[in-house]
Amino acid sequence: MTIQEIQDEIVEEFSMFDDWMERYEYIIELGKTLPIIDEQYKTEDNIIKGCQSKVWVHAEQQDDRIVFTADSDAILTKGIIGILIRAFSNQKASDILEANTDFIDEIGLKEHLSPTRANGLVSMIKMIKMYALAFNAKN
């Protein structure tokens, strides 16, 4: 699936919920399916700056695709990074760099987070794009 197709799927899933408590519960459930980062990558280099919780993201290139793993010490944050990884993992670096993140606004995520969590979300997206930029430069 393309990034856009995955994002559309996520928007469709979120549209099934009537209120934000249900959406928060769904985000927490998504966090439980997160491809967990290997303990050796839970380092200062892989921690996302600007998050109120601890969030680690690791990326490696497999063939021409970037595969992300992550973890967080907070269940909601784990779900948020899980959504991003679902959209951007196993994609080409160039596709990640060209992708927009409008789906975040479409599901209303940013507006329903505290300011520090919203900043953390922006930092997570930046980190994913930075990895893509680094891998893209290598190729």
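Residues numbered from 1 in each chain as written. Predicted model: local features only at pLDDT ≥ 70, side-chain atom pairs only at ≥ 80, totals over all residues. Heavy atoms only, no water.

Remarks on empty space enclosed by the protein
The cut-off we apply is this: Method remark: on a 1 Å grid restricted to protein atoms, a set of points is classed as a cavity if a 1.4 Å probe fits but cannot get out and as a pocket if it is open with protein on both sides within 12 Å along at least five of seven lines; lining residues have an atom within 4 Å of a point. Grid points are joined across faces, edges and corners, and a volume is the space filled by probe spheres set on the points. Secondary structure elements follow DSSP: runs of H or I no shorter than four residues count as helices, runs of E no shorter than two count as strands, and numbering proceeds from the N terminus. Ten residue types, Ala, Val, Leu, Ile, Met, Phe, Trp, Tyr, Cys and Pro, are classed as nonpolar, four, Asp, Glu, Lys and Arg, as charged, and the remainder, Gly among them, as polar.
Under the criterion given, the structure shown has 1 cavity of 30 Å³ or more. What the largest cavity holds in volume is close to 40 Å³. As for the largest cavity, its lining consists of Cys51, Gln52, Ser53, Thr77, Thr116, Arg117, Leu121 and Met124. Per element, the largest residue contribution to the lining of the largest cavity is 4 residues, and it comes from helix α6 (residues 115-138). Among the residues making up the lining of the largest cavity, the classes are represented as 3 nonpolar, 4 polar and 1 charged.

So, the packing of aromatic side chains
To keep it simple, the criterion reads: Within 6.5 Å between ring centres, the rings of Phe, Tyr and Trp (the latter by its six-membered ring) count as paired, and their orientation is classed by plane angle as stacked under 30 degrees, edge-to-face over 60, tilted in between. Whether a charge sits over a ring comes down to the Lys NZ or Arg CZ being within 6 Å of the ring centre and within 35 degrees of the ring normal.
Scanning all chains against the criterion turns up 4 aromatic pairs. One aromatic cluster in this structure is built from Phe14, Phe17 and Tyr26. Across the ring face of tryptophan 56, the terminal group of lysine 42 is positioned such that the distance to the ring centre comes to 4.8 Å.

Some thoughts on the packing of helix α2 (residues 20-31) against helix α3 (residues 75-88)
To be explicit about the condition: Axes, fitted as lines to C-alpha atoms, cover a helix only where it is in contact. Angles between the N-to-C directions of the axes lie from 0 to 180 degrees. Angle categories: roughly parallel below 35 degrees, roughly antiparallel above 145, roughly perpendicular from 65 to 115, and oblique for all the rest. The contact rule is simple, with two residues in contact once any of their heavy atoms fall within 4.5 Å.
Look at α2 against α3: their axes get within 7 Å of each other, and the N-to-C directions meet at 70°. The pairing of α2 with α3 is recorded here as roughly perpendicular in orientation. Contact residues: α2 offers Tyr24, Tyr26, Ile27, Ile28, Leu30 and Gly31, while α3 offers Ile75, Leu76, Lys78, Gly79, Ile80, Ile83 and Arg86. When its residues are assigned to classes, the contact of α2 with α3 shows 9 nonpolar, 2 polar and 2 charged.

Topic: the environment of isoleucine 125
Topologically, isoleucine 125 is positioned in helix α6. The spatial distance from the C-alpha of isoleucine 125 to the C-alpha of isoleucine 81 is 8.8 Å, given a sequence separation of 44 residues. Leave out the neighbours within four places in its chain, and isoleucine 125 touches Leu84, Thr101 and Ile104.

So, α2
In plain terms, the rule: For a helix, the expected span equals 1.5 Å multiplied by the residue count minus one. Burial status follows relative accessibility: with a 1.4 Å probe on protein chains alone, a residue under 20% of its type maximum counts as buried, one over 50% as exposed, and anything between as partly exposed. Working definition: the arc comes from the directions between the helix axis and the C-beta atoms, pointing outward to the latter. Between N or O atoms, a polar contact is any pair within 3.5 Å; within protein, one atom must be a potential hydrogen donor and the other a potential acceptor, and residues adjacent in sequence are included only when both atoms are from side chains.
Taking 1.5 Å of rise per residue, the 12 residues of α2 would be expected to cover 16 Å, and the 16 Å separating its terminal C-alpha atoms lies within 8% of that figure. Within the span of α2, buried status applies to Trp20, Arg23, Tyr26, Ile27, Leu30 and Gly31. What you see down the axis of α2 is that its buried residues fit within an arc of 145°, all on one side. α2 presents Met21 and Glu25 as exposed residues on the side facing more than 90 degrees away from its buried surface. Where α2 is buried, its residues meet α1 (3-15) and α3. The N-capping residue of α2, defined by a side-chain oxygen 3.0 Å from the backbone nitrogen of methionine 21, is aspartate 19.

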